[in-house]
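Chain and residue survey
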There are 4 protein chains.
Amino acid sequence: MSSEFGKILRLSVFGQSHGKAIGVVVDGLPAGEEIDLEALQRFLDRRRPGKNGLSTPRKETDIPEFLSGLEGGKTCGAPLCAVIQNADQHSKDYGELSGKPRPGHADYTAWAKWGGHADMRGGGHFSGRLTAPLCVAGGIAKQILARRGVFVGAHLASVAGILDRPFPLYPTAELFEDLAAKPFPVLDAGAGERMQEAILAAKQTLDSVGGVVECAATGLPAGLGDPMFEGIESRLAGALFGIPAVKGVEFGAGFAAAAWRGSKNNDEFFVEDGAVRVRTNHAGGILGGITTGMPLTLRVAVKPTPSIGQAQRTVCLSRMEETELTVHGRHDPCVAHRAVPVVEAVTATVLLDLLLEGNHGTF
Amino acid sequence: MSSEFGKILRLSVFGQSHGKAIGVVVDGLPAGEEIDLEALQRFLDRRRPGKNGLSTPRKETDIPEFLSGLEGGKTCGAPLCAVIQNADQHSKDYGELSGKPRPGHADYTAWAKWGGHADMRGGGHFSGRLTAPLCVAGGIAKQILARRGVFVGAHLASVAGILDRPFPLYPTAELFEDLAAKPFPVLDAGAGERMQEAILAAKQTLDSVGGVVECAATGLPAGLGDPMFEGIESRLAGALFGIPAVKGVEFGAGFAAAAWRGSKNNDEFFVEDGAVRVRTNHAGGILGGITTGMPLTLRVAVKPTPSIGQAQRTVCLSRMEETELTVHGRHDPCVAHRAVPVVEAVTATVLLDLLLEGNHGTF
Amino acid sequence: MSSEFGKILRLSVFGQSHGKAIGVVVDGLPAGEEIDLEALQRFLDRRRPGKNGLSTPRKETDIPEFLSGLEGGKTCGAPLCAVIQNADQHSKDYGELSGKPRPGHADYTAWAKWGGHADMRGGGHFSGRLTAPLCVAGGIAKQILARRGVFVGAHLASVAGILDRPFPLYPTAELFEDLAAKPFPVLDAGAGERMQEAILAAKQTLDSVGGVVECAATGLPAGLGDPMFEGIESRLAGALFGIPAVKGVEFGAGFAAAAWRGSKNNDEFFVEDGAVRVRTNHAGGILGGITTGMPLTLRVAVKPTPSIGQAQRTVCLSRMEETELTVHGRHDPCVAHRAVPVVEAVTATVLLDLLLEGNHGTF
Amino acid sequence: MSSEFGKILRLSVFGQSHGKAIGVVVDGLPAGEEIDLEALQRFLDRRRPGKNGLSTPRKETDIPEFLSGLEGGKTCGAPLCAVIQNADQHSKDYGELSGKPRPGHADYTAWAKWGGHADMRGGGHFSGRLTAPLCVAGGIAKQILARRGVFVGAHLASVAGILDRPFPLYPTAELFEDLAAKPFPVLDAGAGERMQEAILAAKQTLDSVGGVVECAATGLPAGLGDPMFEGIESRLAGALFGIPAVKGVEFGAGFAAAAWRGSKNNDEFFVEDGAVRVRTNHAGGILGGITTGMPLTLRVAVKPTPSIGQAQRTVCLSRMEETELTVHGRHDPCVAHRAVPVVEAVTATVLLDLLLEGNHGTF
């Protein structure tokens, strides 16, 4: 088992980068939900490559075909299957890789697991391309959540060490929409320009850079999630680490809080308009694995794209000797900005799963 | 469902801090494994409180009683149940808390979920005390892993921002043993002293501090784990976030790598003694969710203990008005050092689960 | 993994027949549910042995101790752990069995799985005694269900081929109570006497007999369950086959319907008091894996107790040669009547799990 | 969640009878397994309709397209997705049904669950047509199992009460092949003719009949499966009840054993060629939920097709009043014979899942 997650809402992702098609089965969607396919396509376009010099020139229209689960524009209760054809494969670029694992890629581990049978053209099943079907599922989840007052948005918290402003204490749906409309999703335009320069600078030296994505969700009720291993953090992290290139996940103040004192980190409660609120949200909207009703915030570390044009040392697996490898083909000098909608998608899917599960504590 | 994890090896943790007993059912252990109960007790003693001024004075012997699964000192295949009696409860210390959620604690979210029915004396099921049964399971898993050449160790990477040395590229079983024998598990003794001073300084001002635990596992085969959502990172993070007070998890270079270039982050392969190795291990032994066979490394952010003696603002839930709260009772000025064996325990349990599952790719 | 089931409500059963104790962890119970411990004990007493000549004379009080999850007589949201001490073990009766698997028992398969490490005294973890903790969980589930108008009851549909009357089309809660109060739970007293005679006749010849349990549940809403592999039948059967000695499960008309025509088997709908109803219920309240709102009915085949006093042929596993075995000790000449509350317990647990999960189709 | 099962090998089935396509994602197949597509197609043809008067005249070529997971004729480790286009839909035949649930069908329960949003044309996701993708998965599993000496075969044990001979004690792979090659899979040709006459007789009166499928698996090692709820019977039954129209599952002697004495039902062990064997196999190769190494045998009750041409009473859901319904369109007068390969497919999938999981008891 591998490419699945969820409890009530189940995702099963399939496909290889250079196979016939990629796709996803989404099982457990509520019935009768209208899906705005144009809005979904706009969401998918946010991660689509080939739009500018900041990402791979691989051209993919990435238009999903729905084989099941969607009738007359609405979910029908049955599992939804969406398929995206692979169009612009350049598999020959990968010919020379065979037997020489690219540093930082899953080539070596796929070989260790599946031997020579792994289809690693373009990264195979491990490719970032597999995040397209994730975005189909997540884009649908976002629409269903928004109808219930739950909004999910994200921005680039940093690229190559250059920091964007953090989300405000109570981010609004409008702010999320503004970010979604931007070609480069940051809050601070100046920081965004410096980030883009850093990406292009890395590209010029046949190198790449990483970044951090900050994601928030608003409108969640208090009391969602379960103690310990079924806590919100466990379930979100379990899914977020499934996104290729993610190497860290933190909630609220996260690693920063580890250097703080309790008196700083604790979020004091107060009453406003008859509701319990907080003046700080270092907990990221989660205490004991359960939602507080405050905005949920998380950050995801995306490593620099392992595919770089520079010559690198590696080994020839058949001869077990050292060799040099230069990766040709088309690569993203940074995937963090394309990961922004993916983090939203995965977060939205997990949150919808949790909402569908309900708060059994008070059944 | 809540307090469970695992796939072949399943853990189910139960108990409340001030209830009769706490414990764990471990289902799926291989049969015929000899368990050294003295070594297990030494492991449990590493997280036991009341040993010095760095932790709560609550006295608990924390000696597990095995109700099932262990016969003649060996696992018998049937589920193992271990129970630890609660002895030194001071429930009256918690009398005044009722209806006034402590900032940073699960009091508010437990109330949101379970209403007034939640047993939150001493933190109830959310208490750090529930990590004792985790350590029983993990201590057993560690013994079984060690017999197969897999070793798990951890140290305090930082407390209150004071950094220990990181693990070396290839940590040894001896290094893990040395750390396990230390009352304060750090690699750099000087850093350890400064950390302890920081803990005591926080204690004196009725405050607390957080920290980061670094954990490593050696001897794992390459090819363990599955792509995407069943990757090693997903499964470890899902379990590690179940430990109370954990707010961040990263693997290898983690968040730091997000500021690096690919040429720095990529670990080049080379051949040594006929085996593929790396000169750096920024991937933390994991590529594409699958083990590389290099040491697995991860870091866990532990927030400062939310229980502090200073007066804090909170709300009275019955009257929905603001109020002040001073938490009496016995508290840990820091839980990060006590979390060290817990992180080892959870890591070992997940790794044993993965090893028991085997590498189905080459079945 | 082995002795668990459930999705929102999770059960983890532990213990061996001659170990220290047996028990169960029930995770996911709604909070604030009052548990009537006297009513629970009456339910447990229905499966308790040693009451008359129809079952083993092993004396067990079978009084559960609650280590967690129950505070002030109410569930508190945290996992509930119930432990039952083993008292009246006669392990020496099992001394001679070692290495000679009893026909019809799990001795041989436990040895194949766990080698000599298996604790098979009294059947070990495979013993019918493990149904006592199941009844603790199920008895609690029954109380919670009854509070919501869902009632579960069962009777002996047959013993040794002697048939009881089937349940009426719409069994009432009163009928279930009447059955629960009977020492031998049948609808037709005359059939019940003949069954008891058959059991005693088998006992006199050092033999045993099997039987069938019919179980029904009323008050379920329509629309519960999911298509295909998460259908009600799949989930109930998956749990019911976990009861020792169960070799068949059928719903509604079951195997009989396989000999019928569609015109007979189809249940025609009609309207009564503004609700859709049926005049026959051959579907057993389930169509397409989803509840119709009619009574759910199922039957469970219980094989004759494998422990019989007659000499039987078996093999000596160490010498790999044939030998004869006479099983001494205390045995049930029939376990079908003691299985009646167990089938109720498992059915109630699965139904509560499904109700807690809710009808996500119309979220 | 709904249309999934498996633990290491996961199936996710999607599609509606009259949607664009149906299909399956199979996640967790071992890599490097050669799939004989012609043999697979022959297997699929066994359940394909439209071949003679015994099944619906709906014409479907049922040729799967593999979107992923299969490269160069071999599994590559990544999830396999197979899609079958729907071709010969006659949706207009279903126009008049809307709002009038067909007795014995899932129309009413789908409406109860998903309201008017359910796509119930041709039975929608509940249609027997969804067994085609199950057979793709199962046909692949059968090939992988056969390579390891595990063979799965089935025949019609009965139709309309007419009995075929049971499987012999040790059925051979050749016997399974003979059955697979027969247009009507029975052991006793005379019984087969009478069954076919019964089907055609039912068809002439616009009625239908049910049947029982007996399935066996040989070559399994002893020690497979886990105690209680993860036993072989639990896992197989959980999957088999997911097949549309299945209302009963029994193992070995099953319900018959409930009328027997223990001395008859117990299978005595003996030694032959250095291996433990049995002279009878009433246990169906399973004791305590774990394989004995003897042939695994099970029987599945298939109800008579609910779609019959006779006028039936039902209700108009919008007006909540009684009405009459005559189901037009193309129907199977019996689905039991078409269910034979489906039962093999599901059994093979579950057994491969169990074999992939391995025998963790002796890890």
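Residues numbered from 1 in each chain as written. Chains lettered and ligands numbered in written order. Predicted model: local features only at pLDDT ≥ 70, side-chain atom pairs only at ≥ 80, totals over all residues. Heavy atoms only, no water.

All names here are of chain D. The antiparallel open sheet is built from five strands, whose spatial order is β1-β2-β3-β7-β4. Edge strands, defined here as strands with exactly one partner in the open sheet, are β1 (4–5) and β4 (65–68). Looking at chain direction, strand β2 (residues 10–15) and strand β3 (residues 21–27) are connected through six bridges and run antiparallel. Note on β3: the bridge partner recorded for R10 is D27. (Pairing = 2+ DSSP bridges. Helix = DSSP H or I, 4+ residues; strand = E, 2+ residues; numbered from the N terminus.)

Following the sequence through the fold, D:H18 ends up in the loop between β2 and β3. Each C-alpha atom of the pair D:H18 and D:T349 lies 26 Å from the other, and the pair is 331 residues apart in sequence.

Let's shift gears to the sheet that holds strand β8 (residues 151–159) of chain C. Read across the open sheet, the ten strands follow the order β9(C)-β8(C)-β10(C)-β16(C)-β11(C)-β11(D)-β16(D)-β10(D)-β8(D)-β9(D); overall the sheet is antiparallel. The open sheet has two edge strands with one neighbour each: β9 (162–163) of chain C together with β9 (162–163) of chain D. Summarising the sheet, strand β11 (residues 246–251) of chain C and strand β11 (residues 246–251) of chain D pair through three bridges and their orientation is antiparallel. Note on β11(D): the bridge partner recorded for C:V249 is D:V249. Sitting on the sheet, helix α6 (residues 232–240) of chain D is in contact with β11 of chain C together with β11 and β16 (296–302) of chain D, with an inclination near 160° to β11(D). (Contact = heavy atoms within 4.5 Å. Axes fitted to C-alpha atoms, helices over the stretch in contact; angles between N-to-C directions.)

So, on to the state of the cysteines. As used in these notes, a disulfide is a covalent bond between sulfur atoms, one from each of two cysteines. For the coordinates displayed, the defined rule picks out zero disulfides over all chains. No disulfide involves B:C334; its sulfur sits 16 Å from the nearest other cysteine sulfur, which is in B:C135. Cysteine C:C215 is unpaired, with the sulfur of C:C135 as its nearest cysteine sulfur at 12 Å. (Disulfide = S-S within 2.5 Å.)

All right, on to the relation of the copies chain B and chain A then. In screw terms, the move from chain B to chain A is a rotation of 180° and a rise of 0.0 Å along the axis, fitting with an RMSD of 0.0 Å. Considering both components of the superposition, the chain copies are consistent with a two-fold axis. Taking C-alpha positions as reference, the residue of chain B nearest the rotation axis is B:G238, located at 2.4 Å. Looking at the interface residues of chain B, 100% of them are also at the interface in chain A, so both copies use one shared face. (Least-squares fit on C-alpha atoms with pLDDT ≥ 70 in both.)

On to the interface of chain B and chain A. Counting residues at the interface gives 102 residues for chain B and 102 residues for chain A. Three residues stand out in chain B for area buried against chain A, namely B:K113, B:F229 and B:K247, and they jointly supply 11% of the buried area on that side. Our count for the contact surface shared by chain B and chain A stands at four salt bridges. In this structure, B:E322 and A:R279 form a salt bridge, with 3.7 Å as the shortest nitrogen-oxygen distance. No other element matches strand β11 (residues 246–251) of chain B, which puts six residues into the side of chain B that touches chain A. (Buried area = accessible area lost by both parts, 1.4 Å probe. Salt bridge = Lys/Arg side-chain N within 4 Å of Asp/Glu carboxyl O.)

Okay, the interface of chain C and chain D next. With 102 residues of chain C at the contact, the number on the chain D side is 102 residues. Among the residues of chain C in contact with chain D, C:K113, C:F229 and C:K247 are the three that bury the most area, contributing 11% of the side total. There are four salt bridges connecting chain C and chain D. The shortest N-O distance in the salt bridge between D:E233 and C:K247 comes to 2.8 Å. In this assembly, chain C and chain D are joined by 37 residue pairs in polar contact (both at pLDDT 80 or more). The biggest single contributor to the side of chain C that touches chain D is β11(C), with six residues. Residue composition of the side of chain C that touches chain D, by class: 50 nonpolar, 33 polar and 19 charged. (Polar contact = N/O pair within 3.5 Å; in protein donor to acceptor, adjacent residues only side chain to side chain. Nonpolar A, V, L, I, M, F, W, Y, C, P; charged D, E, K, R; others polar.)

Moving on: the confidence of the model for chain A. Summary statistics for chain A give a mean pLDDT of 92 and a share of 95% for residues scoring 70 or more. We note a pTM of 0.96 for the whole complex and an ipTM of 0.96 for its interfaces. (pLDDT = per-residue confidence, 0-100.)

All right, on to the packing of aromatic side chains then. Using the criterion set out here, one finds 22 aromatic pairs over all chains in the structure. On the basis of an interplanar angle of 85° and a centroid distance of 5.1 Å, the ring pair of A:F241 and B:F251 is categorised as edge-to-face. Taken together, the residues span two chains, with A:F241 in the loop between α6 (232–240) and β11 (246–251) and B:F251 in strand β11. Ring centres of B:W114 and B:F126 lie 5.8 Å apart, and the angle between their planes is 45°; this geometry places the pair in the tilted category. Here B:F126 lies in the loop between α2 (107–114) and α3 (131–147) and B:W114 lies in helix α2, a separation of twelve residues in the sequence. For the pair B:W114 and B:F126, one class covers both residues: buried. Above the plane of the ring of C:W260 lies C:K264, whose end atom (NZ or CZ) is 4.2 Å from the centre. (Phe/Tyr/Trp six-rings, centres within 6.5 Å; stacked < 30°, edge-to-face > 60°. Buried < 20%, exposed > 50% of the residue type's maximum accessible area, 1.4 Å probe, protein only. Lys NZ or Arg CZ within 6 Å of the ring centre and 35° of its normal.)

What follows is about the packing of helix α1 (residues 37–47) of chain C against helix α8 (residues 336–357) of chain C. Residue and element names in this part refer to chain C. Following both chains from N to C, one finds α1 and α8 inclined at 130°, their axes separated by 6 Å at the closest point. Between α1 and α8, the crossing angle belongs to the class labelled oblique. Contacts between α1 and α8 pair F43, R46 and R47 from the former with R338, V340, P341, V342, E344 and A345 from the latter. Broken down by class, the residue content of the contact of α1 with α8 amounts to five nonpolar, no polar and four charged. (Parallel < 35°, antiparallel > 145°, perpendicular 65-115°, else oblique.)

Moving on, we get to the pairing of strand β12 (residues 269–272) of chain A. Residue and element names in this part refer to chain A. When β12 meets strand β13 (residues 275–278), the two strands line up antiparallel, connected through four bridges. In the sheet register, F270 faces β13, and the bridge partner there is R277. Here β12 folds back onto β13, and the loop between the two strands holds two residues, one of which, D273, carries a positive phi near 50°.

Moving on, we come to the environment of D:R313. Checked against the element boundaries, D:R313 lands in strand β17 (residues 311–316). As a C-alpha pair, D:R313 and D:L325 span twelve residues in sequence and 6.2 Å in three-dimensional space.

Below, the discussion takes up helix α4 (residues 173–181) of chain D. Residues and elements named next belong to chain D. Of the positions making up α4, those classed as buried are A173, F176 and L179. For α4, the angular spread of the buried residues around the axis is 120°, confining them to a single face. Residues of α4 that are exposed and point more than 90 degrees away from the buried face comprise E174, E177 and A181. Buried residues in α4 make contact with β8 (151–159) and β10 (211–218). (Arc of directions from axis to C-beta.)

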